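Spelled out, the chains give:
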Amino acid sequence: MPKNKRPSRQAGRLAHTNFSGQHLIRDKSLARRMIELARLSPQPLVLDIGAGAGALTLPLAQEGWQVLAIENDPRFAEKLRGKLGEAEDIRIVEADFLEMPLPRKPFGVVANIPFAITTSVLGKLMEHPAVPFRHGMLIVELGAARRFTADPVTHARILGWRMQFDLKLAEPVSPDCFSPPPRVQCAILTVRRKKEPLVRPSDHACFMGLVTQALRVPGAPLHAALGLWFTPAQLKHLVKLLRVDRSAPIGALNERQWAAVFETMIRYVEPYRWPKAGGLSKR
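Residues numbered from 1 in each chain as written. Predicted model: local features only at pLDDT ≥ 70, side-chain atom pairs only at ≥ 80, totals over all residues. Heavy atoms only, no water.

Enquirer: Got a sec to walk through the pairing of strand β3 (residues 66-70)? Specific residues and values, please.
Expert: Counting buried positions over the 5 residues of β3 gives 4, a clear majority of the element. As paired strands, strand β2 (residues 45-49) and β3 are joined by 5 bridges and run parallel to one another. Directly across from L47, in β3, lies its bridge partner L68. Assessed by its sense of winding, the connection that carries the chain from β2 through helix α3 (residues 57-62) to β3 is right-handed. Bridge count for β3 against strand β4 (residues 90-93) is 4 bridges, and the pairing is parallel. Residue pairing across strands places L68 opposite R91, the latter belonging to β4. (Buried < 20%, exposed > 50% of the residue type's maximum accessible area, 1.4 Å probe, protein only. Helix = DSSP H or I, 4+ residues; strand = E, 2+ residues; numbered from the N terminus. Pairing = 2+ DSSP bridges. Right-handed = clockwise from strand over helix to strand, strands pointing away.)

Following this line, the structure appears as C-alpha cells:
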C-alpha cells in the first residue's frame, strides 16, 4: 500500500490562504473615500491587509504614504508585483497577516480586510499593548462593525479593544462596490488609539482577567458577577461610585464604568483575590 504523499508547500499555502471572504474593490470612489479618511492620520507607514489587485495600495502610495501591501494569495501577489514594478514607496509581502511579524515603528492600516478573518485581524492589532498600531480605516461586514461599536459592550474581547481605542462605524458601503459583490452589507470602520487609554497598557492583562470572567454571563447582576472578588463592603462602595443598582446587569456597564471597577479592584481588593489573567473570551 503506497504511503500518503505529504502536501506540497505551495498547496499548503493555498489551503491556508487568507482570501476566503475577500471581495475586491471595484468602485474607485470607495478607494478615494478611504484615502480621504486616512488623511486624518499623520502616520507615514500604512498596511494594506489583503491588498488584492492594489485598489488601495496604489492610491495610498500616490498620496505619499509608505505602503506595506500584504497579500497571501500568490496569484494576486504576482499581479501586484507586475503592476507596481519598482515603486519605491510600496513593499509587497506575500504572507499570512495573522502569522507575520508586525512593524516595530508606529503604523496605520487602510484595508479591505478579508471578511473571514476580520476579528482575528483586529485582535492582532489591538490586543497587545506593545504593538505600535495607531489608526485604521477598514472595510468590514456591517454586522461586524455594529458589534464592535455597540453600547454597552458585552464581549470581553471587544471591551479590551475599546479601553485602548475608539471604534466608530463611519458609513455603510454598498455590496455593488466590490467584485464579486458580497451577500452582506458592508461598512467602513474607523479605529484610533485613545490619547489617554482607560486602562494603562501595563495593566491590560490584569484587566482582561477581570472582564473575561465577569462577563461570562452578561445578564448576571453586578453583585453576583463581581462578588467572587469584592467583599460586600467593597461592592457597596463600588455601586455608589458607579451610580448603578447592585442588581443591574454586569453587561450594562460602559467603558468608563469598567475603568472605575478595575481601579477600585486595584485599590481596595487584596491582590491574591484578583481574577487571574487567562484566555480571552471568544463569545
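Enquirer: Give me the sheet that holds strand β9 (residues 186-193): which residues, what numbers.
Expert: As summarised here, the arrangement of the 7 strands in space is β4-β3-β2-β5-β6-β9-β7, forming an open sheet in which the pairing is mixed. With partners counted over all chains shown, the strands left at the sheet margins are β4 and β7 (165-173), one partner each. The mean inter-strand angle of the sheet, taken between neighbouring strand axes irrespective of direction, is 20°. Two strands pair when backbone bridges link them, and strand β6 (residues 133-141) and β9 are joined in this way by 7 bridges, in the antiparallel orientation. Across the sheet, the residue bridging to M137 is T190, located in β9. Contacts from helix α2 (residues 28-38) reach β5 (107-112), β6, β7 and β9 within the one sheet, and its direction differs from that of β6 by about 155°. Contacting β6, β7 and β9, helix α6 (residues 142-149) crosses the sheet at an angle of about 150° to β7. (Axes fitted to C-alpha atoms, helices over the stretch in contact; angles between N-to-C directions. Contact = heavy atoms within 4.5 Å.)

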